[in-house]
Amino acid sequence: MRLDLLPRDDVSRLREWLTPVVAFGVALIIGGVIVWLMGRSPVRAFQVYVTEPLSQGWAVQEILLKATPLMLIGIGLAFCYRADRWNIGAEGQFVIGGLCGGGVAVLTHGSGAWWVLPLMLMAGIAGGMLWAAIPASLRNRLGVSEILTSLMLVYMAQLLLDYMVRGPWRDPKAFNFPQSVMFDPAATLPPLLAGGRVHWGLVFALVAALAAWIVLNRTLLGFGIRALGEAPRSARFGGFNERRITLVVFLMSGGLAGLAGVAEVAGQIGQLQPSISPGYGFTAIIVAFLGRLSAPGIVLASLVMAMILIGAENAQIALKLPLDLARVFQGVLLFCLLGGEALTRHRVVLGRG
Amino acid sequence: MILARAPQPLVQLDGIVKRFGAFTANDGVALTVNAGEIHALLGENGAGKSTLVKILFGLLQPDAGSILWQGKPVRIPHPEAARALGIAMVFQHFSLFENLSVLENLALGLPGRKADAALSRDAAVLARRYGLALDPAASVWSLSAGERQRIEIIRALLQQPKLLVLDEPTSVLTPQEAEGLFTTLEQLAADGASVLFISHKLDEVRRLCSAATILRGGKLVAHADPRRETSRSLAALMVGSDVTEVRRETRAQGKETVTVLEISSLGAPSPDVHGVALRDVSLKVAAGEIIAIAGVAGGGQTELFAALSGEANRVSTGTIRLLGRNITQASITARRDAGAAFVPEERLGQATLPRATLSDNLVLSLPRVDSASRLGWLDRKGLRERLSAVVSAFDVRGSGADPEARRLSGGNLQKYVIGREILRQPKLLVVNQPTWGVDAAATQNIRLALMQLAEAGAAVVVISQDLDEVFAIADRIAVMRAGRLTEARPTAAVTREDVGLLMTEGVVETHGGQRDAA
């Protein structure tokens, strides 16, 4: 016996949008079973993961805080994935963005000038773009798979950051802890509301989402990206330059990841540390697909994913469940999403032979 | 052995109804194919032929109606079930894996077979018997449409089917190849197998088929014996009115002419090991002139089209001039801006994005200076207006005002693709296989449109494997073979035999040992 996947002729729009919702539901059930097997109450886990983060003011704020980088990176990745270009290295572009932006803050420490923050943001964007331009150029010029190069550059970025905060940029007064000086107020993204923790990065992310929606749906460039992803021959026939689009989507993706990185260090952490990301760049891949590579979808998906991350932290305390369980759940969720996607576009038929 | 000559029905479809939303594609259609019969299924684009065949092959489920297979009622829930019954299908749109070899593609379509020497041997036997030359090791992506179709035909024949369904099988074959295929089909029929033959070439149907079912607008119009009908009467049944065949008038001579396209000694290396290198190709096309480039699939037509359109520029020697301007290295967009328009061979995936709407797909061939894309913005309103102009001028039929390209039948999509270019009023139009798989009425419309474009002063280059088409519309005919192009000669001065000879042997107008030096 054999299972065949036969393409469906017609997939309704409603069905396409229901897919991630159903996938999320299935992932919740699988997650519940895992929690149950670990000897905890799945109902209590659901409360800790979903209900509590949504019902408490501080937790909502934390969700927005965590959703910010996911949204920025996920939006950028949507450009790449729509063009069928596989940027797996947003984590590295995020780190480099944080490193470049944070570097400006470290080097201008004490100046307090107004231009420090804008310069940091620009440096962060430029750093992320540069890091993303490497796999794009290697693909364009030498035909190297961008999947491998972008992923390998993640580790280079992490080691580079590690070196900088242990070496040249270490705070001399930090008792040999590997960290930079705390940034000046002029080098810090102000909170949106006085006393709150949510910073301007969220606004950047929402603006980026709007801009991405416009570019993807209303411009020639967006059409070219779509054409390249869907049928490269028609992109060539339409006169779209394949290499240029490859470079552009990587630059946009890297730039947004870099912006997320600098917003994280300037808005949330306030200094450079050996690690500035709990894997946002990788989680954002799931966010991008959960949001069906559309800007509004990604905004929503980043909030959902942030909720799970907060829930996982709570679960550590409330249920003594390991943080790794959140990663397992992310994996289960991605699996359900991709599976759901396959089942939306295909139907399963039992075959012989 | 039953020797009775009474026809044994192999498959009987009765009262088949299939609706897509409000649209009824099949409305009480009946079809009976007898054992050992070559049966034609005739109808215009959108008549419901493809729907009926998909139901027969298990790809669609009818909303009403019954199917009897050898007298017993059957359900065909999926293609696997159809294959188990003994139905094999050769589709108009190929289902091949581009990155795999010919042999691997054959194996993938055949449960229980591997891409091994035995399969290669079986395929070679069939290929030889039916004159379907194929290199089993070649990668599919490097093959032309004609060669790809041969894979599909051989794959179907390897299943030793009781019923072989062929959707527009001869559109990419040369007359000789088509004749070879007919011999094959006649042999199959003599062995007791049945053939359901979907074609728009009525001469072929009359030559080959002993029965015909004719559909129009989703309804059954007639059962007929094509051997007792004329092409004209069959066409009249199909479209519901008399069809006038389009013929090119002899053009008035002596008018002062402007050279629009001038190709001089063009050379380009082969895009890959299975491709064809262009060698020393020269051609001049004047305003108001239609030049046809005939030739068998894989003779370099695809490469010539790529060189002319500039979509994949590999030209190493020679020049291409458009209205005197050297465009040899120009991009496809620059060429469009200079007044050229192109219709490529593949309708889905090259001429159009399958999942994009027709109005969005207009963007692919619009030069950047046109109004629809000012400053990189998509002007959706302008595109929709433009689309309605194309739809009404070229009678493009599809469901809804602005359907996705993949929702259109082959003929309607081709009318859209050609209409999209002609409405731009180009000075030069290069068309590759303009009427492949297009029904009789649409074919005439497309040819008429090409002639009107030439009348209006444009230069038209038609790359076609259909000799009827070549002789119907061209002012001059050139033949492409092995990357070389013969001199274009006035249509009146060449015969079909001349052209057929050039297509197959490439001996250019010489006698004895005087062959053209390579």
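Not measured: the values here are computed from a predicted model.

Draft legend 1. Representation of the overall build of chain A in the model. Looking only at helices and strands, chain A features 13 helices and 2 strands. Compactness check: chain A gives a C-alpha radius of gyration of 21 Å against a globular reference of 20 Å for 353 residues, within 12% of the reference. The C-alpha extent of chain A, read off along each of the three principal axes, is 70 × 60 × 35 Å. Here chain A, with 353 residues, has 49% of them falling under the buried criterion. Taking contacts inside chain A between residues at least 6 apart in sequence as the whole, the part at least 24 apart equals 77%.

Draft legend 2. Inspection of the overall build of chain B at higher detail. What chain B contains, in helices and strands, is 16 helices and 21 strands. Relative to its full complement of 518 residues, chain B shows a buried share of 49%. The long-range share in chain B, meaning contacts at least 24 apart out of those at least 6 apart in sequence, stands at 69%.

Draft legend 3. The arrangement of the interface of chain B and chain A in detail. Contact residues are listed per partner, giving 25 residues for chain B and 18 residues for chain A. Considered class by class, the residues forming the side of chain B that touches chain A number 11 nonpolar, 9 polar and 5 charged.

Draft legend 4. Expanded view of the sheet that holds strand 8 (residues 194-198) of chain B. Residue and element names in this part refer to chain B. On the basis of which strands lie adjacent, the open sheet formed by 6 strands has the order 6-7-8-3-9-10 and mixed pairing. A single partner strand is all that each edge strand has here, and the edge strands are strand 6 (87-90) and strand 10 (219-224). Going from strand to strand, the sheet's axes swing by 20 degrees on average, the running direction of each strand aside. By the bridge criterion, 5 bridges tie strand 7 (residues 163-167) to strand 8 in an arrangement that is parallel. From the neighbouring strand, Leu164 faces strand 8, where its bridge partner is Val195.

Draft legend 5. A look at the packing of helix 13 (residues 410-422) of chain B against helix 14 (residues 440-455) of chain B. All names here are of chain B. Two elements in contact, helix 13 and helix 14, have axes separated by 10 Å at closest approach and are oriented at 10 degrees. By the angle between their directions, the pair helix 13 and helix 14 is classed as roughly parallel. Contacts between helix 13 and helix 14 involve Gly411, Gln414, Lys415, Ile418 and Ile422 on the former and, on the latter, Ala442, Asn445, Ile446, Ala449 and Leu453. Partitioned by chemical class, the residues of the contact of helix 13 with helix 14 number 6 nonpolar, 3 polar and 1 charged.

Draft legend 6. Structural detail: the sheet that holds strand 11 (residues 259-268) of chain B. Residue and element names in this part refer to chain B. Taken in spatial order, the 4 strands make up an open sheet running 12-11-14-15, and their pairing is antiparallel. Edge positions in the sheet fall to strand 12 (278-286) and strand 15 (325-326), since each of these pairs with one other strand and no more. Of the strand pairs in this sheet, strand 11 and strand 12 are connected by 6 bridges, and their pairing is antiparallel. Bridge pairing in strand 12 places Leu261 opposite Val285. Across the face of the sheet, helix 9 (residues 301-309) comes into contact with strand 11, strand 12 and strand 14 (317-322) while running at roughly 60 degrees to strand 12.

Draft legend 7. Representation of helix 12 (residues 380-394) of chain B in the model. Residues and elements named next belong to chain B. Compared with the 21 Å implied by 1.5 Å per residue over 15 residues, the 21 Å span of helix 12 between its first and last C-alpha is a close match. By the burial criterion, the buried members of helix 12 are Leu383, Arg386, Leu387, Val390, Val391 and Phe394. When helix 12 is viewed along its axis, its buried side chains cluster within an angular range of 140 degrees and face the same direction. The exposed residues of helix 12 that point more than 90 degrees off its buried face are Lys381, Glu385 and Ser392. On its buried side, helix 12 packs onto helix 11 (358-361), helix 13 and helix 14. Asp395 occupies a position one or two residues after helix 12 and carries a positive phi of about 55 degrees.

Draft legend 8. Spatial organisation of the pairing of strand 13 (residues 290-294) of chain B. Residues and elements named next belong to chain B. When you tally the buried positions in strand 13, you get 5 out of 5 residues, the bulk of the element. Residue alternation in strand 13 divides its side chains into two sets, Ile290, Ala292 and Ala294 and Ile291 and Ile293, and both sets are buried. With 4 bridges connecting them, strand 13 and strand 18 (residues 459-463) associate as parallel partners. Among the inter-strand pairings, Ala292 is bridged to a residue of strand 18, identified as Val462. Bridge count for strand 13 against strand 19 (residues 476-481) is 4 bridges, and the pairing is parallel. Bridge pairing in strand 19 places Ala292 opposite Ile477.

Draft legend 9. A look at the packing of helix 4 (residues 90-107) of chain A against helix 10 (residues 242-269) of chain A. Residues and elements named next belong to chain A. Close contact between helix 4 and helix 10 brings their axes to 6 Å; oriented N to C, the two are set at 50 degrees. Considering their axes alone, helix 4 and helix 10 lie oblique with respect to each other. Handedness of the crossing formed by helix 4 with helix 10: right-handed. In contact with Ala90, Gln93, Phe94, Val95, Ile96, Gly97, Gly98, Gly101, Gly102 and Ala105 of helix 4, helix 10 contributes Ser253, Gly254, Ala257, Gly258, Leu259, Ala260, Gly261, Val262, Glu264, Val265 and Ala266. Among the residues making up the contact of helix 4 with helix 10, the classes are represented as 11 nonpolar, 9 polar and 1 charged.

Draft legend 10. Broad picture of the confidence of the model for chain B. Residues and elements named next belong to chain B. Mean pLDDT over chain B: 83, with 86% of residues reaching 70 or higher. Within the model, pLDDT remains below 50 along residues 506-518, and this stretch shows 8 contacts once partners closer than five positions in the same chain are excluded. With pTM at 0.74, the complex prediction returns an ipTM value of 0.82.

Calculation criteria
- Residues numbered from 1 in each chain as written.
- Chains lettered and ligands numbered in written order.
- Predicted model: local features only at pLDDT ≥ 70, side-chain atom pairs only at ≥ 80, totals over all residues.
- Helix = DSSP H or I, 4+ residues; strand = E, 2+ residues; numbered from the N terminus.
- Rg over C-alpha atoms; globule rule 2.2 N^0.38 Å.
- Buried ≥ 20, exposed ≤ 12 C-beta atoms within 10 Å, placed from the backbone.
- Contact = placed C-beta atoms within 7 Å.
- Nonpolar A, V, L, I, M, F, W, Y, C, P; charged D, E, K, R; others polar.
- Pairing = 2+ DSSP bridges.
- Axes fitted to C-alpha atoms, helices over the stretch in contact; angles between N-to-C directions.
- Parallel < 35°, antiparallel > 145°, perpendicular 65-115°, else oblique.
- Expected span 1.5 Å × (residues − 1).
- Arc of directions from axis to C-beta.
- Left-handed = near helix turned anticlockwise from the far one by under 90°.
- pLDDT = per-residue confidence, 0-100.

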